[in-house]
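In case you want the letters, here they are:
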Amino acid sequence: MKKNTTTKTPAKSGRPRKAMPSADEIPDVALSHAAAQKLWGIPGSELTRARREGCQAFRGNRIYRDPLLAWLKENPRPEITGDADTEDALKNRKLKAIVETLELKLAKERDELVPKSLVAEEWARGVAIVQEEAKTLMERDHYAVFITRIKARIRHYSEEQPPTTH
């Protein structure tokens, strides 16, 4: 007969660990400069500049995301004059794109964006109301011209607007 040699490991004492955020969630706090770079994609030189210039996002070793993003928007890197494709100008555009992308991800995470289908439904409902009211107030010929012009302007406007990726 074999003896049962498996032993249970005792439970660790102390406070329970927080669950790790999912890959889709963007943490509010980075525990270090390197972690902030990795989590949020913000270049280290920009983090250093923000800390040096008094950004309130830095408390000890921790870096808080929302105050950092607000500071970066309010304090963009100085514009470089001259050639638009210089290295500094490219860095400026890249940083701006990183901040905008991060803000969009945060808005999606916080459910601050309205689904495109809901917007389309509301606009359709509004246009239908306007058409009904116009039909009751206008003569038949005027109403037909009004609707034709409105549809043409809406079509023209939607064609000149670039499609959004949101």
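Counting starts from 1 at the beginning of each chain's written sequence and moves along it residue by residue. Given that the model is predicted, a residue must reach a pLDDT of at least 70 before its local features are reported, and side-chain atom pairs must reach 80 or more before they are shown or counted; all residues, however, enter totals for whole chains, interfaces and linings. Hydrogens and water are ignored here; the side-chain numbers use all heavy atoms of the structure.

## What to know about a nonpolar patch on the surface
Only residues whose relative accessible area exceeds 30% and that form no salt bridge are eligible for patches; like-charged ones are grouped when within 9 Å, while nonpolar side chains (Val, Leu, Ile, Met, Phe, Trp, Tyr) are grouped when within 5 Å. With residues, only the protein chains shown are counted as cover, and all accessible areas are computed by Shrake-Rupley using a 1.4 Å probe. Every case where a carboxyl oxygen of Asp or Glu lies within 4 Å of a side-chain nitrogen of Lys or Arg is listed as a salt bridge. Together, Val114, Leu118, Val119 and Trp123 make up a nonpolar patch on the protein surface, roughly 410 Å² of accessible area in all. To qualify as a helix, a DSSP run of H or I must reach at least 4 residues; to qualify as a strand, a run of E must reach at least 2; elements of each kind are numbered from the N terminus. You can see Trp123 is positioned in helix 5 (residues 116–137).

## Here we look at the side chain of Arg49
The residue Arg49 is located in helix 2 (residues 44–52) in this model. Pairs of N or O atoms are called polar contacts if they sit within 3.5 Å, as long as, within protein, a hydrogen donor faces a hydrogen acceptor (for residues adjacent in sequence, only side-chain-to-side-chain pairs). In this structure the side chain of Arg49 is engaged in a polar contact, spanning 2.9 Å, whose partner is the backbone oxygen of Asn75. Look past the residues within four positions of Arg49 in its chain and what remains in contact with it is Trp71, Leu72, Asn75, Pro76 and Arg77. Should any heavy atoms of two residues lie within 4.5 Å, those residues are counted as being in contact.

## Some words on the nonpolar core
Among buried residues, the Ala, Val, Leu, Ile, Met, Phe, Trp, Tyr and Cys ones that are joined through side-chain atoms within 4.5 Å form a nonpolar core. Burial here depends on accessible area, computed with a 1.4 Å probe over protein chains only, as a share of the maximum for the residue type. Under 20% is buried, over 50% is exposed, and the range in between is partly exposed. Trp40, Ile42, Cys55, Phe58, Ile63, Leu68 and Leu102 are the most contacted members of the largest nonpolar core, which totals 20 residues. Taken together, the elements giving at least two residues each to this core come down to helix 1 (33–40), helix 2, helix 3 (65–74) and helix 4 (87–109).

## Comments concerning the packing of aromatic side chains
For Phe, Tyr and Trp, where Trp contributes only its six-membered ring, two rings pair if their centres lie within 6.5 Å, and the inter-plane angle classes them as stacked under 30 degrees, edge-to-face over 60, or tilted in between. Overall, the coordinates contain zero aromatic pairs when judged by the stated rule. In this structure, Arg59 is placed above the aromatic ring of Tyr64, and the distance from its NZ or CZ to the ring centre is 4.2 Å. Charges are assigned to positions over rings by a cutoff of 6 Å between ring centre and Lys NZ or Arg CZ, combined with an angular limit of 35 degrees from the ring normal.

## Considerations on the pattern of salt bridges
According to the stated counting rule, one finds six salt bridges in the structure shown. Residues Arg49 and Glu53 are paired through a salt bridge, measuring 3.7 Å at the closest nitrogen-oxygen approach. Using a relative accessible area of 44% as the deciding quantity, one classes Glu53 as partly exposed. Via salt bridges that share partners, Asp28, Arg65 and Asp66 belong to a single interconnected network.

## Comments concerning the packing of helix 3 against helix 4
One can describe the packing of helix 3 onto helix 4 by two numbers: an axis separation of 11 Å at closest approach and a directional angle of 140°. In terms of axis orientation, helix 3 runs oblique to helix 4. Handedness of the helix 3/helix 4 crossing: left-handed. Where helix 3 abuts helix 4, its residues Arg65, Asp66, Leu69, Leu72 and Lys73 lie against Val99, Leu102, Glu103 and Leu106. For the contact of helix 3 with helix 4, the residue count by class is five nonpolar, no polar and four charged. Here the axes come from fitting lines to C-alpha atoms, over the contacting stretch only for helices, and the angles between their N-to-C directions go from 0 to 180 degrees. Oblique is the label for every angle not falling under 35 degrees (roughly parallel), over 145 degrees (roughly antiparallel), or within 65 to 115 degrees (roughly perpendicular). In this scheme the handedness of a crossing depends on how the near helix is turned from the far one: anticlockwise by less than a right angle means left-handed, clockwise means right-handed. Only Asp, Glu, Lys and Arg are considered charged, only Ala, Val, Leu, Ile, Met, Phe, Trp, Tyr, Cys and Pro nonpolar, and every remaining residue, Gly among them, polar.

## A look at helix 4
A helix is expected to reach a length of 1.5 Å times the quantity of its residues less one. End to end, helix 4 covers 33 Å across 23 residues, agreeing with the expected 33 Å (1.5 Å per residue, within 8%). Within helix 4 the residues assigned to the buried category are Ala89, Asn92, Leu95, Ile98, Val99, Leu102, Leu106 and Ala107. Next to the buried residues of helix 4 lie helix 1, helix 2 and helix 3. Phi for Asp111, located one or two positions after helix 4, is positive at around 60°.

## Some points on the packing of helix 2 against helix 3
At their nearest, the axes of helix 2 and helix 3 sit 11 Å apart, and the two run at 90° to each other. Considered as vectors, helix 2 and helix 3 are oriented roughly perpendicular to each other. On helix 3, the residues touching Glu46, Leu47, Arg49 and Ala50 of helix 2 are Leu68, Trp71 and Leu72.

## Side note on the sheet that holds strand 3 (residues 62–64)
Read across the sheet, three strands follow the order 1-3-2 without closing on themselves; strand pairing throughout is antiparallel. Every other strand in the sheet has two partners, leaving strand 1 (29–30) and strand 2 (58–59) as the edge strands with one partner each. Think of it this way: DSSP has to see at least two bridges between two strands before they count as a pair. The pairing of strand 1 with strand 3 spans two bridges and is classified as antiparallel. Along strand 3, the bridge assignment pairs Ala30 with Ile63.

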